[in-house]
Amino acid sequence: MKLNTTQLKALAATASEAALAAGRVISSYTGGEVQVQHKAGGDSLASQVVTEVDEKAQAAVLEILEPSITEFDLALLTEERADDGSRFAKDYFWCIDPLDGTLPFTQGKPGYAVAIALVRSDGQPMVGAVYDPVKDRLYCAVAGQGLTLNGQIWERPAEADAGGDCLQFFVDCTFETDPGREMMKTQMEALAQRMGYAQASLEVGGGAVCNACCVLENPPAVYIKPPKPELGGGSFWDFAATACLFEEAGGSASDYAGQRLELNSHTHTFFNHCGVSFCSDKILGKRLLDSL
């Protein structure tokens with residue numbers, strides 16, 4: 001079954017409603033005591049932390065998405081539930097991170113968001129909805145139909161407003177405790193200079209979703225996760241929604257080979273084998289990959 005534009009727009013509205021509902025759940029816990037647990041995940045603490053808020057936010061999302069799953073025969077992949085493999089048997093699947101940036105959330109810091117994507121069986125994201133409850137910003141994109149922010153057509157910020165001669169790097173919150181952070185910082189500064197920028201700035205943020213949104217809002221900017229041998233580097237649900245946002249905003253979302261992010265692999269859900277690159281525009285994306 002191929003979904004038409006009208007159906008995709010309806011599903012985008014449903015995803016936005018679900019993201020807002022999860023955001024309300026998350027906000028109700030802000031500043032309160034939250035029980036932190038751990039789960040199997042990648043090699044970083046950020047990928048292993050889980051709370052009751054993750055579970056309740058997921059429940060809020062699924063309550064709203066369930067009718068669409070039945071109506072359109074959709075599969076489901078969500079971070080806080082085991083992968084049942086149904087995404088390989090259906091034409092589309094919901095890909096959900098009910099609380100990306102759980103670690104900064106538990107620390108009382110901004111940088112967390114709800115991310116919901118509708119992904120086609122070939123790994124192409126068709127719908128992306130992201131809600132940042134701290135900033136009260138709802139991004140929504142439909143393939144071929146553009147990007148909106150809080151219901152209004154998104155407008156790319158002027159580079160001069162962000163300092164066009166400075167390339168901004170956004171990195172995950174785990175960068176602060178990474179033993180190789182000083183070396184990576186030096187490498188990023190050298191990379192910016194090779195690309196012709198006078199300087200580089202490093203913004204240590206929250207989770208992958210908020211960092212990607214910061215790239216869109218602060219051009220010229222990049223968010224990269226280099227390849228590495230250990231499992232990790234983010235999962236489908238960390239990048240599916242923002243990959244759709246970037247495509248509709250004219251940005252660049254790819255792996256380190258410049259290929260479209262594979263969002264329905266049979267091997268595993270991680271990206272450590274290929275790396276991830278988000279850039280505020282496609283030209284910058286090509287220059288970055290040529291310089292790496």
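Residues numbered from 1 in each chain as written. Predicted model: local features only at pLDDT ≥ 70, side-chain atom pairs only at ≥ 80, totals over all residues. Heavy atoms only, no water.

Draft legend 1. Region of interest: the overall build of the protein chain. On a plain count of helices and strands, the protein chain comes out with 8 helices and 14 strands. Each principal axis of the C-alpha atoms in the protein chain carries an extent, and together these give about 55 × 40 × 35 Å. Here the protein chain holds 292 residues, and 54% of them are scored as buried. Sequence separation of 24 or more characterises 67% of the internal contacts of the protein chain that already satisfy a separation of 6 or more. Total accessible area on the protein chain is roughly 12,700 Å²; 50% of this is exposed by carbon and sulfur atoms. (Helix = DSSP H or I, 4+ residues; strand = E, 2+ residues; numbered from the N terminus. Buried < 20%, exposed > 50% of the residue type's maximum accessible area, 1.4 Å probe, protein only. Contact = heavy atoms within 4.5 Å. Areas by Shrake-Rupley, 256 points an atom, 1.4 Å probe, with all protein chains shown as cover.)

Draft legend 2. Expanded view of the sheet that holds strand β12 (residues 221–225). Here we have 5 strands laid out as an open sheet, ordered β11-β10-β12-β14-β13, and mixed in their pairing. Strands with a single pairing partner mark the edges of an open sheet, and in this sheet they are β11 (199–204) and β13 (252–254). Neighbour-to-neighbour, the strand axes of the sheet open up by a mean angle of 20 degrees, direction not taken into account. As judged from the 4 bridges shared by β12 and strand β14 (residues 276–279), these two strands associate in the antiparallel manner. Bridged to K225 within β14 is V276. Lying on the sheet, helix α6 (residues 208–217) is in contact with β10 (166–171), β12 and β14; it crosses β12 at an angle near 150 degrees. (Pairing = 2+ DSSP bridges. Axes fitted to C-alpha atoms, helices over the stretch in contact; angles between N-to-C directions.)

Draft legend 3. Region of the structure containing the pairing of strand β5 (residues 113–120). Of all 8 residues in β5, 7 are buried; the element is thus mostly enclosed. As paired elements, strand β4 (residues 92–100) and β5 share 7 bridges and run antiparallel to each other. Within the sheet, the bridge partner assigned to C95 lies in β5 and is A117. With 6 bridges joining them, β5 and strand β6 (residues 125–132) adopt antiparallel strand pairing. From the neighbouring strand, I116 faces β6, where its bridge partner is A129. Hairpin connection from β5 to β6: 4 residues lie between these consecutive antiparallel strands, with G123 at a positive phi of about 90 degrees.

Draft legend 4. Representation of the sheet that holds β5 in the model. As summarised here, the arrangement of the 7 strands in space is β3-β4-β5-β6-β7-β8-β9, forming an open sheet in which the pairing is mixed. Both edges of this open sheet fall to β3 (75–78) and β9 (152–153), since each of them pairs with a single strand only. Pairing between β3 and β4: 4 bridges, direction parallel. Paired with L76 across the bridge in β4 is W94. Helix α2 (residues 52–72) contacts β3, β4 and β5 of the sheet and is inclined by roughly 155 degrees relative to β4.

Draft legend 5. The arrangement of unusual backbone geometry in detail. Of note, the amide linkage connecting P219 to P220 takes the cis form, showing an omega dihedral of -5 degrees. Look at D73: it is not a glycine, yet its phi comes out positive at around 55 degrees.

Draft legend 6. Quick look at the pattern of salt bridges. Under the definition given, this model contains 8 salt bridges. Close ionic contact of E247 with K282 constitutes a salt bridge, the shortest N to O distance being 3.5 Å. Of this pair, E247 sits in helix α7 (residues 236–249) while K282 sits in helix α8 (residues 282–291), placing them 35 residues apart in sequence. Since its relative accessible area comes to 45%, E247 is described here as partly exposed. (Salt bridge = Lys/Arg side-chain N within 4 Å of Asp/Glu carboxyl O.)

Draft legend 7. Spotlight on the packing of aromatic side chains. A full pass over the atoms with the stated rule returns 6 aromatic pairs. Measuring from centroid to centroid gives 5.1 Å for F105 and Y112, while their planes differ by 85 degrees, and the two rings are edge-to-face. Under the relative-accessibility criterion, F105 is labelled buried at 7%. Owing to a relative accessible area of 6%, Y112 belongs among the buried residues under this scheme. Taking 4.9 Å as the distance between ring centres and 75 degrees as the angle between the ring planes, the aromatic pair formed by F246 and F278 counts as edge-to-face. Of this pair, F246 sits in helix α7 while F278 sits in strand β14, placing them 32 residues apart in sequence. Per residue, the accessibility class of F246 equals that of F278, and both read buried. Members of the aromatic cluster, connected to one another through ring pairs, are Y223, F236, F239, F246, F271 and F278. (Phe/Tyr/Trp six-rings, centres within 6.5 Å; stacked < 30°, edge-to-face > 60°.)

Draft legend 8. Here's a closer look at the confidence of the model for the protein chain. This prediction gives the protein chain a mean pLDDT of 90; 91% of its residues lie at or above 70. Predicted confidence is poor over residues 42–49, with pLDDT under 50, and the contacts of this stretch with residues over four places away or in other chains come to 28 contacts. (pLDDT = per-residue confidence, 0-100.)

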